[in-house]
Amino acid sequence: MEFFKIRRDIPFMRHALIFNAISILTFVAAVFFLATRGLHLSVEFTGGTVMQVQYAQPADVESIRRTVSSLGYTDVQVQNFGTARDVLIRLPAQKGVTSAQQSERTLAALRTGDPTVTLKRTEFVGPQVGEELAVDGMKALAMVVVGIMIYLAIRFEWKFAVAAIFANLHDVVIILGFFAFFQWEFSLAVLAAVLAVLGYSVNESVVIFDRIRENFRRYRKMSTVETIDNAITSTISRTIITHGSTQIMVLSMLLFGGATLHYFALALTIGILFGIYSSVFVAAAIAMWLGIKREDLIRAAPKREGDPNDPNAGATV
């Protein structure tokens, strides 16, 4: 299916240097914010108490946040959970104070403002568990990256594998940079979104790489730059349909999914947008800079003895 039929190839690679410079600046800025501000890790990683309380009427989140902060918490997270009457409160761990004592003290402070508030659940996450989750998450990320490189090296060529990994890491670091700059909460759900973006982004790169290989076989007179431009242009309609449909679904989660899915959908939204960009202007451009050529993907068939096209055919020693 093609909604957009483009007659002429768009010269994407003509502007590859400019877009790669933009990518480098964006990447460096993301690394800078990660190094200076760091990620605002959720309770799952840092450890602490999670409380879910319910009110008889729609809760005033800002008033609840002020009440909880008055208890001496400097990093407290308060948000609606599911409905306007349900509120999720995340309290950082305190030395010498148990999770039960934290929840009882917080609930007592909330009841001074509204006696109808009830405690629905309370959970404690230890810092050791959070550290283990962070380590396991990094291992999962590394395994995904290695698996993608091995797959692309076998399926295509090592230059494509290197290009795709640079593009995928570009997407991941930029997502983390956004979360570091705005100090959005980085939770297990966001980590899952980052891993999903890795697979999603490499899928778009594989589509373009496959079309490049097909063009090398079909158009032998095209240069490498012309082949890449034709491959990207010929897949634009598919890209718009696929990513447009996915983005609509993700935006629905972002706008209507509530607080539970908010940062998960936000990470996916950023990842999808930069995934499209990186597949074209990062992965394809890096493959071009690495010197990808027809001979890397298509092996010449061995000439048979007596082949009339072989200049040495029939020669005697």
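Residues numbered from 1 in each chain as written. Predicted model: local features only at pLDDT ≥ 70, side-chain atom pairs only at ≥ 80, totals over all residues. Heavy atoms only, no water.

Asks: Teacher, can you tell me more about the overall build of the protein chain here?
Replies: Along the backbone of the protein chain there are 11 helices and 6 strands. A buried classification covers 43% of the 317 residues belonging to the protein chain. Put simply, of all contacts in the protein chain between residues at least 6 apart along the chain, 77% involve residues at least 24 apart. With an accessible surface of roughly 17,200 Å², the protein chain has 63% of that area assigned to carbon and sulfur atoms. (Helix = DSSP H or I, 4+ residues; strand = E, 2+ residues; numbered from the N terminus. Buried < 20%, exposed > 50% of the residue type's maximum accessible area, 1.4 Å probe, protein only. Contact = heavy atoms within 4.5 Å. Areas by Shrake-Rupley, 256 points an atom, 1.4 Å probe, with all protein chains shown as cover.)

Asks: Even after reading the chapter, I still don't get the nonpolar core, so can you show me in this structure?
Replies: Grouped burial of nonpolar side chains is what soluble globular proteins tend to show. Grouped together as the largest cluster of nonpolar side chains are 59 residues, with contacts concentrated most on Met13, Leu152, Phe160, Phe209, Ile212, Ile228 and Ile232. Contributing elements (two or more residues each) for this core: helix H5 (127–155), helix H6 (158–182), helix H7 (188–218), helix H8 (224–234), helix H9 (236–256) and helix H10 (259–289). Looking at this core element by element, the count peaks at 16 residues for H10. Ignoring anything within four residues of it in the chain, the contact list for Phe160 reads Leu152, Phe209, Ile212, Ala287, Ile292 and Leu297. Within the second largest apolar cluster, 18 residues are counted, among which are Val78, Leu91, Leu110 and Val117. (Core = buried A, V, L, I, M, F, W, Y, C linked by side-chain atoms within 4.5 Å.)

Asks: Can you help me understand helix H4 (residues 99–113) in this one?
Replies: Helical geometry note: an α-helix holds 3.6 residues per turn, so side chains three or four residues apart project in the same direction. Relative to the 21 Å expected for 15 residues at 1.5 Å per residue, H4 spans 22 Å between its end C-alpha atoms, a close match to the ideal helical length. All of the buried residues along H4 are Ser99, Gln102, Ser103, Thr106, Leu107, Ala109 and Leu110. In an axial view of H4, the angular spread of the buried residues amounts to 160 degrees, which keeps them on one side of the axis. Those residues of H4 that are exposed and angled more than 90 degrees off the buried face are Glu104 and Thr112. Buried residues along H4 sit in contact with strand S2 (48–54), helix H3 (61–69), strand S4 (83–92) and strand S5 (118–125). (Expected span 1.5 Å × (residues − 1). Arc of directions from axis to C-beta.)

Asks: What exactly am I supposed to notice about the packing of H7 against H9 here?
Replies: Geometrically, a packed helix pair is captured by the angle between its two axes and the distance between the axes. Axis separation between H7 and H9 bottoms out at 12 Å; the angle between their running directions is 170 degrees. With respect to their mutual orientation, H7 and H9 come out roughly antiparallel. Where H7 approaches H9, its residues Tyr200, Asn203, Glu204 and Val207 are matched on the opposing element by Arg238, Thr239, Thr242, His243 and Thr246. Of the residues contributing to the contact of H7 with H9, the split by class is 2 nonpolar, 5 polar and 2 charged. (Axes fitted to C-alpha atoms, helices over the stretch in contact; angles between N-to-C directions. Parallel < 35°, antiparallel > 145°, perpendicular 65-115°, else oblique. Nonpolar A, V, L, I, M, F, W, Y, C, P; charged D, E, K, R; others polar.)

Asks: Is there a simple way to explain the side chain of Ser278 in this structure?
Replies: Looking at the element boundaries, Ser278 is found in helix H10. You can call Ser278 buried: its relative accessible area is 0%. A polar atom in the side chain of Ser278 sits 2.9 Å from the side chain of Asp171. Separated by 3.1 Å, the side chain of Ser278 and the backbone oxygen of Gly275 make a polar contact. If we skip the residues at most four places from it in the chain, Ser278 touches Ala167, His170, Asp171, Ser201 and Ala283. (Polar contact = N/O pair within 3.5 Å; in protein donor to acceptor, adjacent residues only side chain to side chain.)

Asks: Please explain the packing of H7 against H8 as it appears in this structure.
Replies: Two elements in contact, H7 and H8, have axes separated by 9 Å at closest approach and are oriented at 130 degrees. For the element pair H7 / H8, the angle class is oblique. Considering only the axes of H7 and H8, their crossing is right-handed. Every residue of H8 that contacts H7 at Ile208, Arg211, Ile212, Asn215 and Phe216 is listed here: Thr224, Thr227, Ile228, Asn230, Ala231, Ile232 and Ser234. Among the residues forming the contact of H7 with H8, the class breakdown is 6 nonpolar, 5 polar and 1 charged. (Left-handed = near helix turned anticlockwise from the far one by under 90°.)

Asks: For this particular structure, what's the right way to read the pattern of salt bridges?
Replies: Oppositely charged side chains can form a pair if their charged atoms are brought close together. Tallying each qualifying case throughout the model produces 8 salt bridges. Taking the shortest distance from any N to any O, the salt bridge between Glu204 and Arg238 comes out at 2.4 Å. You can see Glu204 sitting in helix H7 and its partner Arg238 sitting in helix H9, a full 34 residues away along the chain. Taking the relative accessible area as the measure of exposure, Glu204 reaches 2% and is therefore buried. Given a relative accessible area of 26%, Arg238 falls into the partly exposed group. The network of salt bridges with common partners includes Arg211, Glu214 and Arg218. (Salt bridge = Lys/Arg side-chain N within 4 Å of Asp/Glu carboxyl O.)

Asks: Which parts of the structure should I look at to understand the environment of Val172?
Replies: Tracing the sequence through the fold places Val172 in helix H6. Owing to a relative accessible area of 4%, Val172 belongs among the buried residues under this scheme. For Val172 and Val194, which are 22 residues apart along the polypeptide, the C-alpha to C-alpha distance reads 6.4 Å. Contact partners of Val172, with chain neighbours within four places excluded, come to Val194 and Leu198.

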